[in-house]
Amino acid sequence: MKLVSDSAIANKIRKMNQRVRWQDPLIQEMGIDQTRLVLEDNQGDNNEFSFLVIGDSGSGKHLGHNPQRQVAQMMLPHHDQCRFMLHTGDVIYLVGSSEFYQQNFIQPYKEFLVGGDAPHQIAYDRMVFNLPILPVPGNHDYYDLPILLSLLSFSTLPIRYLLQKRLDLDVGLHGSRTGDAYARAFLDYLKAFELPGELENHLDKHYTAKTDTGRCLAYQPGRFTRLPNRYYTFRYGGIDFFALDSNTFNDPLPLPATQAGDADRRLLEQRRQQMEQEKSRIMEASAKLNPKNPDEAEQLDDLQAKLSQTEEIIVDIDKQLNSDQKTQTDTEQLNWLKQKLIESWNNAQVRGRVIYFHHPPYVTEATKWQQSQTLAIRNRLRNVFDAVANTLGSLTQGRPLVDLVLNGHAHCLEYLQTENTGHADSHINWIVCGGSGFSLRRQRLEGPDLREIIQQETKTVARSHLYLGRNGQGELKRRPYSGLRIDVQGEDQPKFIIRPLVAEWYQRQWQHYEFEPFTI
């Protein structure tokens, strides 16, 4: 039985466009850039500033302990010193359902919200942040329940008890409705304005910031904290930040219509069957455990991690098996990124660039490097970077195109650097921040070096310098959940000082600690 359903890319794009009235004639007539926001906190001109990063956080209580809340508490001492928080996606597990925003987002981050002293009174689609939280959507923020499981969720059948009580999976009653819950929670949901003059009045009130690309949304902490679109950009302290929706350019290329392609398809079908059998074994084992027994609760937590990981592999296989249809790619967003990077490099006011999105192109978590979605994201980002580099020529003076890329999706904290990849994504700093609440994953056995076949030769294209994820066995098992504080310093070429903040669950106790900062 499938636990999640992922909508087609064209459907995601169409529905998200409708929700923000993408390129509505009135919006175009008013000269509004729907991919830009200005963070109006009266401090955006300071070259030295700090911000927080979290990702893959939207989990529940985890059978008695709450990792997400622990990470949030680690962030609180930095609240007043940081200007905003970036979220790398998967705000709500398992299927982005609106009914889980109260438990899995509002309660853990109540101090970051206006009215947080009474979080139960805050509606998920009426949130206002006193410290800006600027997310990108993750795959779970788009997921829905398959029809059969959705029907079962309304009943008292054992499957509901197993999923919601024993495995502690927040399945809800429906799912995200193809990202609608995320859109209502974070985006400026312009579709809601239907009466004559209502939309124009709203735009006149909140799209008052003026930039070199026209009018745009004014993000005002404590007053109006909405995002203009599922992907967007903002400038702070001379750094251009680009937030992407990688869920719409992660479709794998079709399997070739050759004998080798047919063989690959058969292997994928066999592996999918094995994963379904593994899923059944996990659920049968879970049914025999008592979540009120501490030892068995730990085993259930491990089984939850395995079940989620297995389902993720099945989704990736399904994407490959279905790729004989026309591969869908969000070319509009990728072209937008290309153009905005070129404009950024041609703007003397900009001294650095940060990109953040959900799916990591480079990662050493146990399952991600071999996934078809990882390859798809990496290839499409490389194509954009190569096109930008060809346009800019010598303008970059040997600097990487971007200073830092932030991702989630892999449930760990990892710092990598690319080497010579043969593309314009060489010598870039990459940080995966996806260990902020949901079940953690182990590093792959192959170790920290990532290798690819380039011109018929296997070469190291990236190297991991830090990995924090699930490790150890039995009573010595460690679960280091994490977030980041990043300090930006320097003048013409910025320095980023990375400060990992870790809340570790070990032997049924929490330990909080900060790693030694490192500079990139």
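Brief notes about the packing of helix 9 (residues 259–287) against helix 10 (residues 294–321)
- In the contact formed by helix 9 and helix 10, the axes pass within 9 Å of each other and the chain directions differ by 155°. Comparing their axes, helix 10 and helix 9 come out roughly antiparallel. Like other packed secondary-structure pairs, helix 9 and helix 10 cross with a definite hand, here left-handed.
- Taken together, the residues that form the contact of helix 9 with helix 10 break down as twelve nonpolar, three polar and ten charged.

Observations concerning the packing of aromatic side chains
- Counted according to the given criterion, the structure contains 30 aromatic pairs.
- Look at Trp505 and Trp510: their rings are 5.1 Å apart centre to centre, the planes differ by 50°, and that puts the pair in the tilted class.
- Using a relative accessible area of 10% as the deciding quantity, one classes Trp505 as buried.
- Of the residues examined, Trp510 reaches a relative accessible area of 22% and is grouped as partly exposed.
- Grouping aromatic residues by their ring pairs yields a cluster made of Tyr101, Phe105, Tyr109, Phe112, Tyr124, Phe129, Tyr182 and Phe186.
- Directly above the ring of Tyr142 sits Lys12, whose terminal nitrogen or CZ lies 5.0 Å from the centroid.
- Residue placement shows Arg353 over the ring face of Trp345; its charged tip is 3.7 Å from the ring centre.

Overview of the pairing of strand 8 (residues 239–243)
- Most of strand 8 sits out of view: five of its five residues are buried.
- Here strand 8 shows a buried face lined by Ile239, Phe241 and Ala243 and a second buried face lined by Asp240 and Phe242.
- Pairing of strand 7 (residues 232–236) with strand 8, which is carried by five bridges, proceeds in the antiparallel orientation. Of the residues in strand 8, the one forming a bridge with Phe234 is Phe241.
- What sits between the antiparallel neighbours strand 7 and strand 8 is a turn of two residues, in which Gly237 has the positive phi angle 55°.
- One ladder, built from five bridges, connects strand 8 with strand 9 (residues 352–356); its direction is parallel. Bridge pairing links Ala243 to Tyr356 in strand 9.

Re helix 3 (residues 67–75)
- Counted residue by residue, helix 3 has eight buried out of nine residues, so it is predominantly covered.
- Along helix 3, the residues classified as buried are Pro67, Gln68, Arg69, Gln70, Val71, Ala72, Met74 and Met75.
- Considering only its buried residues, helix 3 is in contact with strand 2 (49–54), strand 3 (85–87), helix 4 (101–106), strand 15 (478–489), strand 16 (495–506) and strand 17 (509–514).

Describing the side chain of Asp144
- Counting through the fold element by element, Asp144 comes out in the loop between strand 4 (133–135) and helix 5 (147–153).
- For the buried Asp144, which has no salt bridge, the nearest side chain bearing the opposite charge is Arg177, at an N-O separation of 6.7 Å.
- A distance of 3.0 Å separates a polar atom in the side chain of Asp144 from the backbone nitrogen of Thr178.

Focus on the packing of helix 11 (residues 331–345) against helix 12 (residues 372–392)
- Following both chains from N to C, one finds helix 11 and helix 12 inclined at 35°, their axes separated by 10 Å at the closest point. Helix 11 and helix 12 meet at a crossing whose hand is right-handed. In this structure, helix 11 contributes Leu334, Leu337, Lys338, Leu341, Ile342 and Trp345 to the contact, and helix 12 contributes Arg380, Leu381, Val384, Phe385, Ala387, Val388, Thr391 and Leu392.
- For the contact of helix 11 with helix 12, the residue count by class is eleven nonpolar, one polar and two charged.

Quick word on the environment of Ser344
- Assignment of secondary structure puts Ser344 in helix 11.
- Along the sequence, Ser344 and Ile239 sit 105 residues apart, while their C-alpha atoms lie 9.3 Å from each other.
- The contacts of Ser344, once residues within four sequence positions are left out, are Asp240, Phe242, Val350 and Arg353.
- A distance of 3.0 Å separates polar atoms of two side chains, one belonging to Ser344 and the other to Arg353.

Notes on the side chain of Thr88
- Locating Thr88 in the fold gives a position in the loop between strand 3 and helix 4.
- Here Thr88 falls in the buried class, since its relative accessible area comes to 0%.
- Sequence-distant contacts of Thr88, that is, excluding residues within four places in its chain, are made with Val53, Ile54, Gly55, Asp56, Val136, Phe357, His358, Leu406, Asn407, Gly408 and Cys433.

Thresholds applied
- Residues numbered from 1 in each chain as written.
- Predicted model: local features only at pLDDT ≥ 70, side-chain atom pairs only at ≥ 80, totals over all residues.
- Heavy atoms only, no water.
- Axes fitted to C-alpha atoms, helices over the stretch in contact; angles between N-to-C directions.
- Helix = DSSP H or I, 4+ residues; strand = E, 2+ residues; numbered from the N terminus.
- Parallel < 35°, antiparallel > 145°, perpendicular 65-115°, else oblique.
- Left-handed = near helix turned anticlockwise from the far one by under 90°.
- Nonpolar A, V, L, I, M, F, W, Y, C, P; charged D, E, K, R; others polar.
- Phe/Tyr/Trp six-rings, centres within 6.5 Å; stacked < 30°, edge-to-face > 60°.
- Buried < 20%, exposed > 50% of the residue type's maximum accessible area, 1.4 Å probe, protein only.
- Lys NZ or Arg CZ within 6 Å of the ring centre and 35° of its normal.
- Pairing = 2+ DSSP bridges.
- Contact = heavy atoms within 4.5 Å.
- Lys, Arg positive; Asp, Glu negative; His and termini not counted.
- Salt bridge = Lys/Arg side-chain N within 4 Å of Asp/Glu carboxyl O.
- Polar contact = N/O pair within 3.5 Å; in protein donor to acceptor, adjacent residues only side chain to side chain.

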